[in-house]
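# Breakdown of the fold
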Amino acid sequence: MSVKQRLAEIVQPAVDLVYPPRCPLCGDAIAEQKGLCASCWSELVIPGEPSCATCQRPLGDSMLGGEVQCAPCLANPPRHDGIAAGTLYNDASRKLILAFKHGRRIALADMLAKLIEARLPKLDGDWLIVPVPLHRTRLWSRGFNQAGLLAQNLSKSTGHGLVVDGLIRTKRTESLGGLGQKARERALAGSITINPACKERLKDAQVLLVDDVLTSGATSDMCVRKLKRAKVSRAVVACFARVLDEALEHGRHPESETPEVRKPRAPRDE
Ligand SMILES: [Zn+2]
Ligand SMILES: [Zn+2]
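Residues numbered from 1 in each chain as written. Chains lettered and ligands numbered in written order. Predicted model: local features only at pLDDT ≥ 70, side-chain atom pairs only at ≥ 80, totals over all residues. Heavy atoms only, no water.

So, on to the pairing of strand β2 (residues 127–131). Counting buried positions along β2 gives five out of five residues, so the element sits mostly inside the fold. Of the two faces of β2, the one carrying W127, I129 and P131 and the one carrying L128 and V130 are both buried. Relative to strand β3 (residues 161–162), β2 runs parallel, the two sharing two bridges. Note on β3: the bridge partner recorded for L128 is G161. (Buried < 20%, exposed > 50% of the residue type's maximum accessible area, 1.4 Å probe, protein only. Helix = DSSP H or I, 4+ residues; strand = E, 2+ residues; numbered from the N terminus. Pairing = 2+ DSSP bridges.)

So, in structure tokens, the structure goes:
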């Protein structure tokens, strides 16, 4: 059985969407309440092997064999201790994220978290699960922190502790979409900090940092920087959809996405 088939079995039976069963992506009726319709499911891209030993970025087949690092990791060794991504960011995962943010959040949180969980490294020993924080004004306007909801689900399913406010946003940052690396760092400077009340708990802990979408990595990098300064022993980043730099260069930037009305599906060319 392929990895994807196995994942389909993990994800499908546990999803409880509202009756009547409809695919949350395309709205097509589905026979049973099983997450996504077959065609949308087939559009999700699960990151495979071979991959970078440091950040798990999928690499070309020519890179098979041995411990290999991707060019960005070689050029700029990251602070984190690995990235576990449920899917690679594409049209299908983007629509799932939008549906999650602007609609069927409870049912989708479960499915998205299961897809992340399937990609996690073995979590030996005790881990703490910490979401990437949202500023409280965003929290008020949206009503929930999507990363927090995923972290909660991951904590439930893995049995590891949740520190929902381990990191806090002290400053609201505008969208990072379209900014270069330096500008992103400037925009983020001083915006994320360790919650003083959680310092003791985080010290020497292994931390799984959770976000819904990993875009440029600037935000998660800032979080990891703060966590390491607070002396966590490891920080692994977990996300539902990982944007590879290639997608950023093609002008579609997830952090600048706005809610959209469901559009008719574009014809697929196959
Ligand atoms: Zn569908
Ligand atoms: Zn890498």
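Next comes the rest of the account.
What follows is about the side chain of S93. Within the element layout of this structure, S93 appears in helix α4 (residues 91–102). Judged by its relative accessible area of 0%, S93 is buried. A distance of 3.3 Å separates a polar side-chain atom of S93 from the backbone oxygen of L88. Here N90 takes part through its backbone nitrogen, which lies 2.9 Å from a polar atom of the side chain of S93. Residue contacts for S93: discarding those within four places in its chain leaves L44, T87, L88, F240 and A241. (Polar contact = N/O pair within 3.5 Å; in protein donor to acceptor, adjacent residues only side chain to side chain. Contact = heavy atoms within 4.5 Å.)

Another aspect to go through is the packing of α4 against helix α5 (residues 105–119). At a minimum axis distance of 8 Å, the contact between α4 and α5 shows a crossing angle of 140 degrees. Considered as vectors, α4 and α5 are oriented oblique to each other. Every pair of crossing elements has a handedness; the one defined by α4 and α5 is left-handed. Judged by residue contacts, L96, A99, F100 and K101 of α4 engage R105, L108, A109, M111 and L112 from α5. For the contact of α4 with α5, the class distribution of residues is seven nonpolar, no polar and two charged. (Axes fitted to C-alpha atoms, helices over the stretch in contact; angles between N-to-C directions. Parallel < 35°, antiparallel > 145°, perpendicular 65-115°, else oblique. Left-handed = near helix turned anticlockwise from the far one by under 90°. Nonpolar A, V, L, I, M, F, W, Y, C, P; charged D, E, K, R; others polar.)

Once that is clear, we can look at the coordination of the zinc ion (ligand 2). Protein ligation of the zinc ion (ligand 2) involves C52 (SG), C55 (SG), C70 (SG) and C73 (SG), the donor distances falling in the range 2.3 Å. Each of the four donor atoms around the zinc ion (ligand 2) contributes to a set of angles spanning 104 to 113 degrees, which defines the coordination as tetrahedral. Of note, the donors binding the zinc ion (ligand 2) are all from one chain and are spaced C-x2-C-x14-C-x2-C. One end of the pair, C52, is in the loop between α2 (38–43) and α3 (71–75); the other, C70, is in the loop between α2 and α3, and 18 residues separate them in sequence. (Donors = N, O, S within 2.8 Å, 3.2 Å for Na, K, Ca; no water. Tetrahedral: all angles 85-135°; square planar, octahedral: opposite > 155°, others 65-115°.)

Moving on: the nonpolar core. Among the nonpolar cores identified, the biggest contains 43 residues, and L36, L96 and L208 are the most heavily contacted of them. Elements supplying a minimum of two residues to this core: α1 (3–11), α2, α4, α5, β2, α7 (146–158), β6 (206–214) and β7 (234–242). Per-element accounting of this core gives the leading share, seven residues, to α5. When residues of this core are assigned to domains, at least three map to each of domain 1 (1–39) and domain 2 (43–249). (Core = buried A, V, L, I, M, F, W, Y, C linked by side-chain atoms within 4.5 Å. Domains from an automatic or database assignment.)

What follows concerns the sheet that holds β2. Taken in spatial order, the five strands of this open sheet run β1-β7-β6-β2-β3, and their pairing is parallel. Both edges of this open sheet fall to β1 (83–88) and β3, since each of them pairs with a single strand only. Its contacts with the sheet put helix α10 (residues 218–229) on β6 and β7, and the angle it makes with β6 is roughly 165 degrees.

A separate point is the pairing of β1. Across the six residues that make up β1, a large majority, six, are buried. As paired elements, β1 and β7 share five bridges and run parallel to each other. Within β7, the residue paired with T87 across the bridge is A241.

A few words now on the pattern of salt bridges. Taken as a whole and assessed by the stated rule, the structure comprises eight salt bridges. In this structure, D91 engages R94 in a salt bridge whose closest nitrogen and oxygen atoms are separated by 3.3 Å. Taken as a pair, D91 and R94 lie in helix α4 at a separation of three residues, close to a single helical turn. For D91, a relative accessible area of 36% corresponds to the partly exposed category. The class of R94 is buried, set by a relative accessible area of 7%. In this structure, K203 and D204 form a salt bridge, with 3.7 Å as the shortest nitrogen-oxygen distance. Among the residues examined, K203 registers a relative accessible area of 44% and is labelled partly exposed. For D204, a relative accessible area of 55% gives the class exposed. (Salt bridge = Lys/Arg side-chain N within 4 Å of Asp/Glu carboxyl O.)

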